Every structure is written in structure tokens, then in C-alpha cells.
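# Structural overview for review
The chain contents come next:
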Amino acid sequence: MIDTDSFIAGLPKAELHLHIEGSLEPEQMFEFARRNQVAIPYASVEEVRAAYQFSNLQDFLDIYYAGADVLRTEEDFRDLALAYFDRAAADGVRHAEIFFDPQTHTDRGIPFGVAANGLLAGMAEAEAKHGLTSKLILCFLRHLDEEEAFKTLGQAQPWIDRIEAVGLDSSEVGHPPSKFERVFAAAAAMGLKRVAHAGEEGPPEYIYEALDLLKIDRLDHGNRALENPDLVTRLARSGMTLTVCPLSNVKLCNVASIDEHPIDRMLALGLRATINSDDPAYFGGYVADNYRAAAAGRRLDRKDLVTLARNSFLGSFLPDEEVSRHLAALDAYAEAHA
Ligand code: ADE
Ligand code: ZN
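The sections below set out a description of the structure shown in this document. These numbers come from a predicted model, not from an experiment. (Residues numbered from 1 in each chain as written. Chains lettered and ligands numbered in written order. Predicted model: local features only at pLDDT ≥ 70, side-chain atom pairs only at ≥ 80, totals over all residues. Heavy atoms only, no water.)

## Here we look at the packing of helix H16 (residues 302-314) against helix H17 (residues 320-336)
Formally: Think of each axis as a best-fit line through the C-alpha atoms, taken over the contacting stretch in the case of a helix, with angles from 0 to 180 degrees between the N-to-C directions. Helix numbering and strand numbering both begin at the N terminus, where a helix is a DSSP run of H or I of at least 4 residues and a strand a DSSP run of E of at least 2. In these notes the angle categories are as follows: under 35 degrees is roughly parallel, over 145 is roughly antiparallel, 65 to 115 is roughly perpendicular, and the rest is oblique. In this analysis, two residues are considered to be in contact whenever any of their non-hydrogen atoms come within 4.5 Å of each other. Residues are grouped as follows: nonpolar covers Ala, Val, Leu, Ile, Met, Phe, Trp, Tyr, Cys and Pro; charged covers Asp, Glu, Lys and Arg; every other residue, Gly included, is treated as polar.
Here H16 crosses H17 at 170°, and the two axes come no closer than 9 Å. Taken as axis vectors, H16 and H17 run roughly antiparallel relative to one another. Taken together, the residues of H17 that come into contact with H16 (itself represented by Val 306, Ala 309, Arg 310, Phe 313 and Leu 314) are Val 323, His 326, Leu 327, Leu 330, Asp 331 and Ala 334. Taken together, the residues of the contact of H16 with H17 break down into 8 nonpolar, 1 polar and 2 charged.

## Some remarks on the site of ligand 1
Threshold: Whether a residue is near a molecule or strand depends on its heavy atoms: it is near if one of them lies within 4 Å of it. Pairs of N or O atoms are called polar contacts if they sit within 3.5 Å, as long as, within protein, a hydrogen donor faces a hydrogen acceptor (for residues adjacent in sequence, only side-chain-to-side-chain pairs). Here, Shrake-Rupley sampling with a 1.4 Å probe gives the accessible areas, and only protein chains in the shown set may cover a residue. The way it works is a 1 Å grid over only the protein atoms, where trapped points that fit a 1.4 Å probe form a cavity and open points with protein on both sides within 12 Å along at least five of seven lines form a pocket, and then any residue with an atom within 4 Å of a point lines it. By definition, a pocket or cavity contains a molecule when more than half of the molecule's atoms lie within 2 Å of the pocket's grid points.
The local shell around ligand 1 consists of His 19, Leu 57, Phe 60, Leu 61, Tyr 64, Asp 169, Ser 170, His 197, Glu 200, His 221, Asp 278 and Asp 279. At 2.7 Å from a nitrogen atom of ligand 1 is found a side-chain nitrogen or oxygen belonging to Asp 278. Residue Asp 279 places a side-chain N or O atom 2.6 Å away from a nitrogen atom belonging to ligand 1. For ligand 1, whose unbound accessible area comes to 260 Å², protein coverage reaches 100%. A majority-of-atoms criterion places ligand 1 in the largest cavity. Here the shell around ligand 1 takes 4 residues from helix H4 (residues 57-67), the largest share from any one element. Grouping the amino acids of the shell around ligand 1 by side-chain chemistry returns 4 nonpolar, 4 polar and 4 charged.

## Regarding the side chain of Thr 152
Position of Thr 152 among the secondary structure elements: in helix H8 (residues 146-155). A polar side-chain atom of Thr 152 sits 2.9 Å from the main-chain carbonyl oxygen of Glu 148.

## Thoughts on the packing of aromatic side chains
Stated precisely, the cut-off is as follows: Ring pairs are drawn from Phe, Tyr and Trp, using the six-membered ring of Trp, whenever the two centres fall within 6.5 Å, and their geometry is named by plane angle: stacked under 30 degrees, edge-to-face over 60, tilted for the rest. We call a residue buried when its accessible area falls under 20% of the maximum for its residue type, exposed when it is over 50%, and partly exposed in between, using a 1.4 Å probe and counting protein chains only. Geometrically, a lysine NZ or arginine CZ counts as sitting over a ring once it is within 6 Å of the ring centre and also within 35 degrees of the ring normal.
The tally for this structure, following the rule as stated, stands at 14 aromatic pairs. Between Phe 54 and Phe 60, the aromatic rings sit 5.5 Å apart at their centres with planes inclined by 75°, giving edge-to-face as the arrangement. Of the residues examined, Phe 54 reaches a relative accessible area of 8% and is grouped as buried. Accessibility expressed as a relative area gives 2% for Phe 60, which makes it buried. An angle of 50° between the planes, with centres 4.7 Å apart, marks the rings of Phe 60 and Phe 283 as tilted. In this pair, Phe 60 is assigned in helix H4 and Phe 283 in helix H14 (residues 280-283), connecting sequence segments 223 residues apart. A relative accessible area of 3% places Phe 283 in the buried class. Taken together, the ring pairs in this structure connect Tyr 52, Phe 54, Phe 60, Tyr 64, Tyr 65, Tyr 282 and Phe 283 into an aromatic cluster. Sitting above the plane of the Tyr 291 ring, Lys 13 keeps its charged end 5.3 Å from the centroid. Above the plane of the ring of Phe 7 lies Arg 302, whose end atom (NZ or CZ) is 4.6 Å from the centre.

Structure representation (C-alpha cells):
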């Protein structure tokens with residue numbers, strides 16, 4: 001029988017919560033800084049890694065937005081995406097739905113199309129190279145206002161048929177989903193799916209707003225739903241997918257340690273929880289590392305791991321026949337390694 005690490009690496013899975021800017025490894029930061037002649041406030045890769053100590057989401061965001069400044073050209077975005085997909089493929093990822101934050105770039109004078117074209121090029125290459133399919137999710141930065149979000153949705157128009165969904169990220173507390181009700185309605189009218197970060201640091205009320213006002217198709221994080229039994233029942237009954245990010249939760253001090261992570265409690269409550277990496281270059285691991293950490297910290301067995309992988313395909317925005325094809329491959333894998 002193969003060991004747990006190998007079982008996890010080979011387990012067919014989808015990744016549904018990955019900020020592509022959060023996959024910028026320090027080595028690549030230096031490479032992009034050099035080729036674009038951008039100054040960075042670190043002398044070495046070790047110094048960058050040493051700076052990745054966070055006590056909350058905002059601590060991290062300040063460093064993450066600063067790091068993104070080295071991304072300047074389509075080639076940078078293409079290389080960034082391809083590096084992520086290479087790692088994801090090695091982790092057994094068959095399909096990924098990746099976030100990007102266009103406002104982080106347009107606010108620095110980088111046109112929307114530079115990020116979009118570069119990422120789409122990397123996505124096409126990853127499919128040719130690894131057979132790994134992907135979809136793109138445009139996230140609005142919630143610390144900015146509604147007008148800025150509408151402006152971004154306008155800039156996205158030439159690419160709208162290559163964007164699957166809109167999302168909502170950045171500083172959660174003080175920026176409730178209700179702030180973006182109208183822009184999410186406009187995105188829905190364009191045929192886009194909707195996801196939102198809610199209940200990462202914010203209260204259960206923000207999850208209710210994401211459901212009722214933004215009409216989300218998927219909930220990013222959602223951990224704080226566990227504080228409200230009625231909300232848990234509603235999420236479980238409706239089959240809402242939660243994109244849970246264990247190493248992120250620990251690194252941002254939303255969970256005291258991986259041994260105390262609620263991933264198994266979520267499954268036991270009937271929630272459709274999935275495991276994802278969020279910002280792997282900043283939080284100490286890619287998706288398989290997240291599965292491994294959760295498995296060790298919470299003593300998950302192979303059946304639990306298969307359930308988490310199954311949930312990732314069920315929660316994806318793939319058409320039903322592709323979901324069925326992935327589930328059949330997953331079942332065959334599980335049977336071969338029971
Ligand atoms: N942007 C990148 N990672 C994020 C996270 N975990 N929460 C909110 N916004 C983010
Ligand atoms: Zn996130």
C-alpha cells in the first residue's frame with residue numbers, strides 16, 4: 001500500500017481557492033524584479049521568507065500587495081500561472097479555478113488586458129502540457145468602493161466570455177458583502193457565476209449577506225459559519241461548497257494550530273468542504289501540503305481525503321459530464337488504493 005503522502009499527491013482533485021498573485025514565490029519575485037528593473041525592499045530570498053509572519057489577514061495583505069508590484073508584463077503573468085500549474089499538476093490537480101485581482105494591477109497602471117492575456121496564455125499552456133483545465137475568476141477588492149468595482153467589470157468586457165465568475169476578496173471586516181450587491185447583480189446579468197470570501201475573519205452575518213444579497217454559487221472560507229447552527233444547516237441542506245484553506249487559516253491566526261482545524265467537523269456536519277491553498281507562496285504550502293497538514297493534524301483517513309477530493313469536483317463550475325468523468329477517475333483511484 002502506498003504511503004499517505006503519495007496517496008495525497010496522486011489523488012485526483014480540483015483546486016477552487018487559489019489567488020494567482022499568492023503563488024508568487026520569492027525566487028520568482030527576484031527574477032521579475034530584475035527583468036523589469038523594479039526595486040524590492042529585500043536583500044535575499046531568505047529575507048523575504050522571514051518577513052512572512054502574520055498575525056491577521058491585513059498583515060498579510062500589506063505584504064502581498066507590495067509583492068505584486070514586480071508583475072508588469074503579460075510574460076510575467078504567463079510565467080506566474082505556468083509555475084503554479086506545474087506545481088498543481090504534481091499535486092494531482094486536474095482542474096483549477098483561479099482568482100486574480102485586476103485592481104491590484106490597474107491601480108499601478110498595468111492594463112486589465114496585460115494580466116488577463118498573460119494568465120489566459122498560461123492556462124492554455126498548462127492544459128496542453130499537463131491536461132490540467134482551468135477557469136478564471138475576477139475578484140473585486142472589497143476595501144475599494146462599488147464604483148471602482150463597476151469600473152473593473154467594465155474593463156473586463158472584452159474578456160468576459162473567458163471569465164467564469166466574479167469573486168470578492170481583500171480586507172473583510174468593515175467591508176460587508178452588501179457593499180457589492182449591485183455589482184454582483186450586474187455580473188449575474190452578464191452570465192457570470194459568483195463567489196465571495198466570507199466568514200474568514202468576518203462574522204456569520206457576512207455569510208448570510210453573501211448568500212442572500214450576492215447570491216453566491218460558492219463560499220470562500222466560510223469557517224465562521226460554525227458559530228451559527230442555523231447557518232450550518234442552511235449551507236449543508238443547500239449543498240453549498242466551502243473552499244477551506246487550512247494552512248492559510250493557521251498562518252493568519254484564524255485557527256490556533258492545524259491540530260485544532262475544524263475541517264473534520266465541517267464534514268461531520270454535512271458541509272461540502274474542500275481543501276485549497278489560498279496563497280501558497282505565503283502560507284507554506286500548495287494544495288497537497290494542505291491535504292497532508294489537515295490529514296496529520298486531524299487524523300483524516302483515506303475515506304475523508306477522497307470525500308474532500310470528491311467535493312472539489314462537485315463544487316467546481318465544470319459541466320456535469322466533466323464532473324462525472326473526474327469522479328469516475330477518483331473512484332478508480334480510491335479503489336486501487338483502498
Ligand atoms: N487575497 C488573497 N488572499 C486572501 C485571503 N485569504 N483573504 C482575503 N483576501 C485575500
Ligand atoms: Zn483567499
